[in-house]
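# Residue-level structure breakdown
Single-letter residue listing:
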Amino acid sequence: MAGAEGSAGRQSELEPVVSLVDVLEEDEELENEACAVLGGSDSEKCSYSQGSVKRQALYACSTCTPEGEEPAGICLACSYECHGSHKLFELYTKRNFRCDCGNSKFKTLECKLLPDKAKVNSGNKYNDNFFGLYCICKRPYPDPEDEIPDEMIQCVVCEDWFHGRHLGAIPPESGDFQEMVCQACMKRCSFLWAYAAQLAVTKISTEDDGLVRNIDGIGDQEVIKAENGEHQDSTLKEDVPEQGKDDVQEVKAEQNSEPCASSSSESDLQKMYGDLDVLFLTDEYDTVLAYENKGKIAQATDRSDPLMDTLSSMNRVQQVELICEYNDLKTELKDYLKRFADEGTVVKREDIQQFFEEFQSKKRRRVDGMQYYCS
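Bear in mind that the values here come from a model prediction, so they are computed numbers and not experimental data.

### Here's the deal with the sheet that holds strand β2 (residues 74–75)
- The sheet built from three strands is open, its strands ordered β2-β1-β3 with antiparallel pairing. Strands at the two margins of the open sheet, each flanked by one partner only, are β2 and β3 (88–97).
- Of the strand pairs in this sheet, strand β1 (residues 53–61) and β3 are connected by eight bridges, and their pairing is antiparallel. In the sheet register, A60 faces β3, and the bridge partner there is F89.

### Quick word on the pattern of salt bridges
- Taken as a whole and judged by the stated rule, the model has 12 salt bridges.
- Its salt-bridge partner being R55, residue D286 comes within 3.4 Å of it at the nearest N-O pair. With a gap of 231 residues between them, D286 in the loop between α7 (263–275) and α8 (288–302) and R55 in strand β1 connect regions that are remote in the sequence. Judged on exposure class, the residue D286 and its partner R55 are both buried.
- Salt-bridge contacts for K138 lead to D128; the nearest nitrogen and oxygen are separated by 2.9 Å. Residue K138 is located in the loop between β3 and β4 (152–154), and its partner D128 is located in the loop between β3 and β4; the two are separated by 10 residues in the primary sequence.
- Judged by relative accessible area, K138 falls into the partly exposed class, the value being 38%.
- Several salt bridges share partner residues, and in doing so they unite R55, R95, E159 and D286 into one network.

### As for the packing of aromatic side chains
- Scanning the entire structure with this criterion turns up 10 aromatic pairs.
- Summarising the aromatic geometry, the rings of Y336 and F340 are spaced 5.3 Å apart at their centres and angled 65° between planes, so their arrangement reads as edge-to-face. With Y336 and F340 both in helix α10 (residues 316–343) and four residues apart, the pair spans about one turn of that helix. Side by side, Y336 and F340 carry an identical accessibility label, which is buried.
- Feature note: the residues Y336, F340, F355, F356 and F359 constitute an aromatic cluster, connected by ring pairs.
- The cationic tip of R95 hangs over the ring face of F280; the distance from NZ or CZ to the ring centre is 3.5 Å.

### Here we look at unusual backbone geometry
- In this structure, the amide linkage connecting Y141 to the following residue, P142, adopts the cis form with an omega of -5°.
- You can see P142 is positioned in the loop between β3 and β4.
- Here C135, not a glycine, exhibits a phi torsion of approximately 70°, which is positive.
- Positionally, C135 belongs in the loop between β3 and β4.
- With relative accessibility at 0%, the residue C135 sits in the buried group.

Quick notes on the rules
- Residues numbered from 1 in each chain as written.
- Predicted model: local features only at pLDDT ≥ 70, side-chain atom pairs only at ≥ 80, totals over all residues.
- Heavy atoms only, no water.
- Pairing = 2+ DSSP bridges.
- Helix = DSSP H or I, 4+ residues; strand = E, 2+ residues; numbered from the N terminus.
- Salt bridge = Lys/Arg side-chain N within 4 Å of Asp/Glu carboxyl O.
- Buried < 20%, exposed > 50% of the residue type's maximum accessible area, 1.4 Å probe, protein only.
- Phe/Tyr/Trp six-rings, centres within 6.5 Å; stacked < 30°, edge-to-face > 60°.
- Lys NZ or Arg CZ within 6 Å of the ring centre and 35° of its normal.

Next comes the structure, spelled out in structure tokens:
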């Protein structure tokens, strides 16, 4: 018996101790991340009536539009109401997209929220993400056949997602960057090299040979060192693609010009951006960061945490009792679910209902069995 008690004691020492405050903080962090991803998207109303939404949370339904069919995207509300039991791909965000749910791309499904829609949304753009394939390797994420831990990073231009190791450049370990442009988009929009000289995240070689790799890993950038050894702003070398040199010079001239720059130059730039379909680059509210902040602000405005409100209204004794109840619930629920894990069976809704019924029954027996003494 002593040995069993000793073993149990050692086991309890190995198990991490989690306080109620830790749990609440973790829940709050997860809630903040969810609000950032959803960006204030409406979970009850289809976004179709808003036209091509500047940026919204989108999903693709593999059940309704599998690979081989026409790609289609659905809004957050339709993912809940019309495709709740279907297999969905979470697309995070797409720019200037109108909900497809129930249109001609869906053979039998009719949108429950807004059935009166056009047959197609000609302004929508699609890629392999709508079939659950990403990156230049065209693999799913998570990939069951990929044993290499790697994060996915979204290109701000084409909005595809890329494995960090397939970018052509090594992302900073600190994750201290806001947006990324992939190799293909840098080549297509060669004027971006002018901005890369000032804004791109670069990596200095281990030999400190005075060269850093640019954002897509093709050309090099020359680093000028000050006398104190610190790196100053880098400048693009002359290995910029030939077809992009004129664009680079034009953008550089525009950046360095005075406010009285000619309107014809500005119109030429706007036309170039329009022809390349990257006018969004001039909109400071189009960034992913602005989109995420929108969701966080909306959540902070009307969020009320009932548990924290309840705790703050209790005295010290009541708070301790609540914490004890929480610890009992956590322990018993963990033991209950462990049986399913050991047996490899699925936890069903009725199993959870049974657990809470038994838990409440035990709680009543403990309360009824307590003795009260009055002085």
